[in-house]
Amino acid sequence: MLITLCYLYLWARWARRPAALVRSTVRRLRASRCSFTFCGAAARPGGARVYLSLGGRVFCVGDSQVGGGRRRCIDDLNKWALLLVSPFILEAEHIAFVTESIWVRGDSLRRPSSSETTVRWSDCCLPLACRPGDPHQVIARASMDDFSRLGVAFMEDRLHMDNGLVPQKIVSVHLQDSALKELQDPAVPRPAQLPQPGPESPLEMELEGDRGEGCPQRRRGSEPVGEREPEASSGEHLHLHLSSCHECLELETSTIESVRFASAENIPDLPYDPSGGVEGAAAELRPEEEGSRVPVVGKVPNILLYVGTDSQEALGRLQQVRAVLADCVDADRYLLYHLPPESARRDPWLDSCRLLVIATNKPIPEDLHRKFLAYLSQGGSVLGLTSSFTVGGFQVTSKSALQGTVQSLVFSKADRGEVKLSVLSSGHTYHEGPGERLSPGHLQGHLENEDKDRMIVQVPFGTSGGQAILCQVHLELPPSSSIVQSEEEFNLLKSSNVRRYEVLTEILTALGLCCDVRQAPALTPVYLLSATEEIQDPLMQWLERHVDPEGVIKSSKLSLKFVPSYTSEVEITPSLLPVVTDTEAFSSEHFSLDIYQENLQTTHLGKVILFAEVTTTTMNLLDGLMFEMPREMGLIAIAVRQTQGKGRGTNAWLSPVGCALSTLLVSIPLRSQLGQRIPFVQHLMSLAVVEAVRSIPGYQDINLRVKWPNDIYYSNLMKIGGVLVNSTLMGETFYILIGCGFNVTNSNPTICINDLIAEYNRQQGAALKPLRADQLVARAVTLLEKLIDTFQDQGPNGVLPLYYKYWIHSGQRVRLGSAEGPEVWIVGLDDSGYLQVHQEDSGVVTVHPDGNSFDMLRNLILPKPR
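Residues numbered from 1 in each chain as written. Predicted model: local features only at pLDDT ≥ 70, side-chain atom pairs only at ≥ 80, totals over all residues. Heavy atoms only, no water.

Caption draft 1: Geometry of the packing of aromatic side chains. Going through the model one piece at a time under the given rule, you end up with 19 aromatic pairs. Taking the centre distance of 6.2 Å and the plane angle of 75° together, the rings of Phe372 and Phe389 count as edge-to-face. Taken together, the positions of Phe372 in helix H9 (residues 366–377) and Phe389 in the loop between strand S18 (381–385) and strand S19 (394–398) put the pair 17 residues apart, joining distant regions of the chain. For Phe372, a relative accessible area of 0% puts it in the buried group. On the basis of relative accessibility, which here comes to 1%, the residue Phe389 falls in the buried class. Here a set of aromatic residues connected by ring pairs shows up, and it is made of Phe36, Phe38, Tyr51, Phe59, Phe97 and Phe147. Lying over the aromatic face of Phe154, Arg57 brings its terminal NZ or CZ to 4.3 Å of the ring centre. (Phe/Tyr/Trp six-rings, centres within 6.5 Å; stacked < 30°, edge-to-face > 60°. Helix = DSSP H or I, 4+ residues; strand = E, 2+ residues; numbered from the N terminus. Buried < 20%, exposed > 50% of the residue type's maximum accessible area, 1.4 Å probe, protein only. Lys NZ or Arg CZ within 6 Å of the ring centre and 35° of its normal.)

Caption draft 2: Fine view of the sheet that holds strand S42 (residues 843–847). Read from one edge to the other, the open sheet built from four strands follows the order S39-S40-S41-S42, with strand pairing classed as antiparallel. Strands with a single pairing partner mark the edges of an open sheet, and in this sheet they are strand S39 (813–815) and S42. Between one strand and the next, the sheet's axes are offset by a mean angle of 45°, whatever the strand orientation. In terms of strand pairing, strand S41 (residues 835–839) meets S42 through five bridges, oriented antiparallel. Of the residues in S42, the one forming a bridge with Leu835 is Val847. (Pairing = 2+ DSSP bridges. Axes fitted to C-alpha atoms, helices over the stretch in contact; angles between N-to-C directions.)

Caption draft 3: Molecular detail of the packing of helix H10 (residues 487–495) against helix H16 (residues 753–764). At a minimum axis distance of 11 Å, the contact between H10 and H16 shows a crossing angle of 160°. Considering their axes alone, H10 and H16 lie roughly antiparallel with respect to each other. Considering how the two elements wind past one another, H10 and H16 form a crossing that is right-handed. Where H10 approaches H16, its residues Glu487, Phe490 and Lys494 are matched on the opposing element by Asp755, Glu759 and Gln763. A class-by-class count of the residues in the contact of H10 with H16 yields one nonpolar, one polar and four charged. (Parallel < 35°, antiparallel > 145°, perpendicular 65-115°, else oblique. Left-handed = near helix turned anticlockwise from the far one by under 90°. Contact = heavy atoms within 4.5 Å. Nonpolar A, V, L, I, M, F, W, Y, C, P; charged D, E, K, R; others polar.)

Caption draft 4: Inspection of helix H11 (residues 497–510) at higher detail. For H11, spanning 14 residues, the distance from its first C-alpha to its last is 20 Å, which sits close to the expected 20 Å at 1.5 Å a residue. Within the sequence span of H11, burial applies to Asn497, Arg500, Tyr501, Val503, Leu504, Thr505, Glu506, Ile507 and Leu508. Phi for Gly512, located one or two positions after H11, is positive at around 95°. (Expected span 1.5 Å × (residues − 1).)

Caption draft 5: Structural view of the environment of Thr616. Along the chain, Thr616 turns up in the loop between strand S30 (608–615) and helix H14 (618–621). Thr616 gets classed as buried once you look at its relative accessible area, which sits at 1%. Separated by 27 residues in sequence, Thr616 and Thr643 place their C-alpha atoms 4.8 Å apart.

Caption draft 6: Broad picture of the side chain of Thr429. On the secondary structure map, Thr429 appears in strand S22 (residues 428–432). Residues within four places of Thr429 in sequence aside, it is in contact with Gln395, Val396, Thr397, Lys399, Leu402, Asp453, Arg454, Met455 and Gln472.

Caption draft 7: Examining the packing of helix H15 (residues 680–694) against helix H17 (residues 773–794) more closely. Where H15 meets H17, the closest approach of the two axes is 8 Å, and the angle between their N-to-C directions is 130°. As summarised for this structure, H15 and H17 are arranged oblique, according to the angle between their axes. As for the relative orientation of H15 and H17, their crossing is right-handed in sense. Residues Phe680, Leu684, Met685, Leu687, Ala688, Val689, Glu691, Ala692 and Val693 of H15 lie in contact with H17, whose contacting residues are Leu776, Arg779, Ala780, Leu783, Leu784, Leu787, Ile788 and Phe791. For the contact of H15 with H17, the residue count by class is 15 nonpolar, no polar and two charged.

Caption draft 8: Seen up close, the pattern of salt bridges. Applying the stated criterion across every chain, the model contains 19 salt bridges. Arg454 is paired through a salt bridge with Glu432; the nearest N and O atoms lie 3.5 Å apart. Of this pair, Arg454 sits in strand S24 (residues 454–461) while Glu432 sits in strand S22, placing them 22 residues apart in sequence. Here Arg454 falls in the partly exposed class, since its relative accessible area comes to 28%. Accessibility expressed as a relative area gives 36% for Glu432, which makes it partly exposed. For Lys494, the salt bridge is made with Asp755, and the minimal N-O distance between the two is 3.0 Å. Of the two residues, Lys494 is situated in helix H10 and Asp755 in helix H16; the sequence distance between them amounts to 261 residues. (Salt bridge = Lys/Arg side-chain N within 4 Å of Asp/Glu carboxyl O.)

Keep in mind that these numbers describe shape and distance, not what the molecule does.
If you want it as structure tokens, here you go:
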């Protein structure tokens, strides 16, 4: 008892002492310009006094002449790659310091346990300059409290850096005044003088990826509506060449033209409507494709789900299986029904069943097993999902070491191609038993381990074309399943979620089901909404002056016909959309005007809303209005779904419910800080989306980040959104359409913001509420306006600290030109928003994307010398 009391006393007396000791020491000795060092005990500077020793690491303080006058001063910043494009000022209450790090392979990284509080280096300081190499060195500044927090996290091995960097030492430094003065004329070249376009000559810069380099091009564009000199009426637009923008703003060629699931390319559309009960679908059967197996005439092609008894566990499993199959198959062709054991025994379901799914690990009663075999023998198809059901001489063997673990699976497709993915194992495998064996089909799956455990088998059965595909991996469970224990496992499964659907689709197709992409939904009318009552009357007055006698405003992309109300007789086509102006009865399941108004706190942006449940693309909605509507009536187009969203190249994507889709109109004066650095617009929009989530109290640790040049990412793992920017210069003003899409509630097939929130709640025991698309669109627009104002006042340095805090590229290494090209380190952005890298023999250089449509960080190229 006495020993226990002693331990309690010592814990109460000393448990919080390290943080307090470090903080008080730094505050007390800061003015004396002592050097503070956090490092391994063996690397302690000579003559420095150790104030704290913890787990082989020390916090020590050196005098101004520590180590024979080797005081840590930075007197030549030209030897470093600057991360800011103008001189930085060190406030009195801040400390400058150098963090030295080394690269460690991913599988060698120590990962804190879920009970440890990880401190992210980028959340506590502002990087100022870096010197790539080994070790990788970064100069940063932080408040005294944040510097102390970083040091304590380093001592306790809780300090996290990005891209495989592991901190080895943190040392405070003194920035010599001479070094700061030398930066009054930074090395980054200033923009050249802009040409002087006349106000009568609209110059359009449509930022697409197939432009010739540095060559003005003439193209036919939309004719802006408004009063102009007669000679401007030809509608000819000149592709603007701005020397200040690096070859016609080449950076914009890398923008993503649309976001489809805001994720990887070439993913099949797999929409999911959890509110739609598949059992309540219409019983009409569409004509079957030629050659497909057709059930008895007059019968609906049912998919029957057998999960065993009616226990709560079984019913929960039923919902999981139903949800994943509804994502994969065409709900207009098939109905999903629960097949309870009694119905399986009693009802004549065999002739009306297209697919029998057996999803229970409990033993199958003998009479039902015989009935399932009879169904197979007459040409039926069976899918076993971690089930005890077997056929064709295969047996299920328990392997407890695999149960509930994430494993690497190699899946062989029908065309002999392979898919590798991370899967959740059931703890069972298949092996061939004694007796007569059937030749398995081409679809197979085995673990990438020493035993190559067989997890998926395709077994033909009988002479009538019956077949079963049996799985012992949880293809039916999402990465957010309660079985998944750690954040690392969640990340692995989420990264493979697209491939999980690919495997499921391959299996279902092999079993004779149609998994084709569904047809685009029908277009819906557009509603004209206003975020404030004050703008409603001026808006209607403006419309009366600008519509033609038929109530239409035309553009090169489409025509908008303004009508007081909508009836089914009003025609809706991709080229002619009705816009309803009387919106008193407006309501939408997916968009709340009240929530949007509550979260929109802007002076100009986003005040006038064109909203559609389903439209072609939000970009086209603003085409005929962007040049004429007054600036104070900030236009934004918002849609729930798009049918002609533009992808990279010639791809077209069907955007799912749950993705926040919008196009915002922004006007920027040509002769302004941002007007001379238009590539920064996409950076600001990406940053606004991230900040829209992470600036909500309690949500600051949701790991949403920005990827150069225009992507929103979950950590550095998965894409969650993207930005498209199209700019047109008329006179002295840029008219910019900013298209943005990011996943909010659509978990499948990749990941969404609410997935991150749910996983954070599970890992941290928190209770953060899920977010809405309308809420985040309004918050992002609000933050974008603030970021633009800051940029116009302070230039790039006004926003780069926040951008660097959230970007994923700190210390990242990439190759120039090709996969075999020279390796360089990413160090930051230049004055125009292009990427800067450090090359060992060339120092810091600016690089451009090579125009590929997949990864803007692949095959970076040096710009041609001028």
